[in-house]
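Coordinates in review
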Amino acid sequence: TIPTEIENLSMLLSLRLGSNDFHGTISTGIGRLKRLRKLNFNVNQLVGTIPTEVGNLVSCESFYVGGNLLSGTIPTWFGNMSRVQVLEFGYNFLSGSVPTELGNCISLTSLGVTRNEGLSGQLDSILDGFPSTLMRILYAGRTGIGGIIPTTVGRFSSLEILTLGDNQEVTGTLPSEMGLMTKLTWLDLGNNKVRGTVPTDIGRLRGLRDFDLSFNQFNGTIPTELGNLRSLERLDLGHNYLSGPAVPTELGNCHGLLAFGVFGNTGLYGRMESILHILPTGLGIFFAGQTGIGGSIPTTIGGFTALQYLNLDQNHQVTGTLPSEMGLLSNLIRANFRSNQLWGTLPTEMGLLGAATSLQFGGNNFTGTLAPEFAGW
């Protein structure tokens, strides 16, 4: 347990006990440390509720209790901490509503409640209460927070990170006002119930590096304006109802793209020859199965030496032979070509891909004998 003697250190300004193996509860005596500015109990084995006495820490600027086994609710009296800038409650077992009183924390810049699956609340009510000009980070994925994303989200011009992934309860459409959040670097709305088209205004988020809209109900085409996101490293649009070109030519401007997913959008189409001409050769992940992408795999695939995961599963339209240049993909870990129209023999060179753990070729028209190089599989 955390030694209670610490509670006698009345001049203490900072208490950091994170990433240890402390058990037991948070002592009520911690509220005696009224000069405390920084408290970090992250990543321990603490249980029980957050004691009321913590509300006496009126000078507290950062409060971290993430990664524990805490239960109960987030107390409303946190709203009385006018100096607090960071509140981290993620990865616990907290429940109840996210208190709107947190909007009274006029200095708040970062709030983390991720992976508290018992937490609830309506997103519009929560956001409307926060100090929009200061907030930089909101981690709220894998919770029960739901409802619509309000148009007032555009007020959060300083927000850099917004994660609501795996909530399954975020609904409505993506407002065009999100284009006003020009400091966003990470936007995760994956695995929810957001519908409608992807607004073209997203193209104004020039600093965006990680963008996840997978497992929603988006329709329409992939906006060409996404080509303006030149800092983009990860783009996941998989498992929606998108249609049109799977890889707009403008995405070729995203030279730093490392991972791109459109898996499960059956209305998307394109030819592999053109797609590989657009995508950067530094790409490490390309998930494009269960789409209308077809055509042959060109010899230029050998230039994608960073590629680790390639999925063209059940496209039914990828044709031709596999080029021997596939053997140049020395970093390839998993590749899936199932249920297409490929033919010919499997390239001997692919049997020498030392990093590969899974190569799937079923449901095609391959012939011939398997080269000895595949004997170790």
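This text gives an overview of the structure that appears in the document. (Residues numbered from 1 in each chain as written. Predicted model: local features only at pLDDT ≥ 70, side-chain atom pairs only at ≥ 80, totals over all residues. Heavy atoms only, no water.)

**Considerations on the overall build of the chain**
Helix and strand content of the chain: two helices and 29 strands. Expressed as lengths along the three principal axes of its C-alpha atoms, the size of the chain is roughly 80 × 45 × 30 Å. When burial is assessed residue by residue, the chain has 52% of its 377 residues classed as buried. Nonlocal contacts in the chain, meaning residues at least 24 apart in sequence, comprise 57% of its contacts between residues at least 6 apart. (Helix = DSSP H or I, 4+ residues; strand = E, 2+ residues; numbered from the N terminus. Buried < 20%, exposed > 50% of the residue type's maximum accessible area, 1.4 Å probe, protein only. Contact = heavy atoms within 4.5 Å.)

**Looking at empty space enclosed by the protein**
Counted by the stated rule, this structure contains two cavities of 30 Å³ or more. Here the largest cavity is characterised by a volume of approximately 40 Å³. Lining of the largest cavity is provided by Met272, Leu276, Leu283, Phe286, Ile301, Phe304, Leu307 and Leu310. For the lining of the largest cavity, the class distribution of residues is eight nonpolar, no polar and no charged. The space that makes up the second largest cavity amounts to roughly 40 Å³. Every residue along the wall of the second largest cavity is listed here: Val98, Leu111, Val113, Leu123, Ile126, Leu138, Ala140 and Ile145. (1 Å grid on protein atoms, 1.4 Å probe; cavity = no way out; pocket = protein on both sides within 12 Å on 5 of 7 lines; lining within 4 Å. Points joined across faces, edges and corners; volume = space filled by probe spheres on them. Nonpolar A, V, L, I, M, F, W, Y, C, P; charged D, E, K, R; others polar.)

**Considerations on the layout of surface pockets**
As a volume, the largest pocket reaches approximately 250 Å³. As for the largest pocket, its lining consists of 13 residues, of which Tyr91, Thr114, Tyr139, Thr163 and Trp186 are closest to the centre. Its residues assigned to classes, the lining of the largest pocket shows three nonpolar, five polar and five charged. Roughly 190 Å³ of volume is contained in the second largest pocket. Residue lining of the second largest pocket: 13 residues in total, with Ser214, Arg234, Asp236, Gly261 and Phe287 positioned closest to the centre. Elements with a minimum of two residues in the lining of the second largest pocket: β18 (234-236), β20 (259-261) and β22 (285-287). For the lining of the second largest pocket, the per-class residue count stands at seven nonpolar, four polar and two charged.

**Topic: the environment of Leu57**
Mapped onto the fold, Leu57 is located in the loop between β3 (47-48) and β4 (62-64). Exposure remark for Leu57: the relative accessible area of 0% places this residue in the buried category. Residues Leu57 and Arg32, spaced 25 residues apart in sequence, show a C-alpha to C-alpha distance of 7.8 Å. With residues up to four places along the chain from it excluded, the contact list for Leu57 reads Ile30, Gly31, Leu33, Lys34, Leu36, Leu39 and Met81.

**Comments concerning unusual backbone geometry**
A negative phi angle characterises most non-glycine residues, just as the trans form characterises most peptide bonds. Positioned with a positive phi, Arg142 is a non-glycine residue whose angle comes to about 55 degrees. Residue placement: Arg142 occurs in the loop between β10 (137-139) and β11 (144-148). Phi at Asp166 is positive, roughly 65 degrees, even though this residue is not glycine. Tracing the sequence through the fold places Asp166 in the loop between β12 (161-163) and β13 (170-171). With relative accessibility at 32%, the residue Asp166 sits in the partly exposed group.

**Description of the nonpolar core**
Ranked by size, the top nonpolar core spans 110 residues in total, and within it Phe78, Phe89, Phe286 and Phe337 carry the most contacts. Mapped by element, the contributors of at least two residues to this core are α1 (123-129) and α2 (272-278). Examining the composition of this core, we find that four residues originate from one element, α2, more than from any other. Not counting residues within four places of it along the chain, the set of residues in contact with Phe89 comprises Ile50, Phe63, Val65, Gly66, Ile74, Phe78, Leu94, Leu111, Gly112, Val113 and Asn116. (Core = buried A, V, L, I, M, F, W, Y, C linked by side-chain atoms within 4.5 Å.)

**Describing the packing of aromatic side chains**
Enumeration according to the criterion identifies eight aromatic pairs in this entry. On the basis of an interplanar angle of 55 degrees and a centroid distance of 5.2 Å, the ring pair of Phe63 and Phe78 is categorised as tilted. Of this pair, Phe63 sits in strand β4 while Phe78 sits in the loop between β5 (69-70) and β6 (86-88); the two residues are 15 residues apart in sequence, bridging distant segments of the chain. Neither residue differs from the other here; Phe63 and Phe78 are each classed as buried. Among the aromatic residues, ring-to-ring pairing joins Phe63, Trp77, Phe78 and Phe89 into one connected group. (Phe/Tyr/Trp six-rings, centres within 6.5 Å; stacked < 30°, edge-to-face > 60°.)

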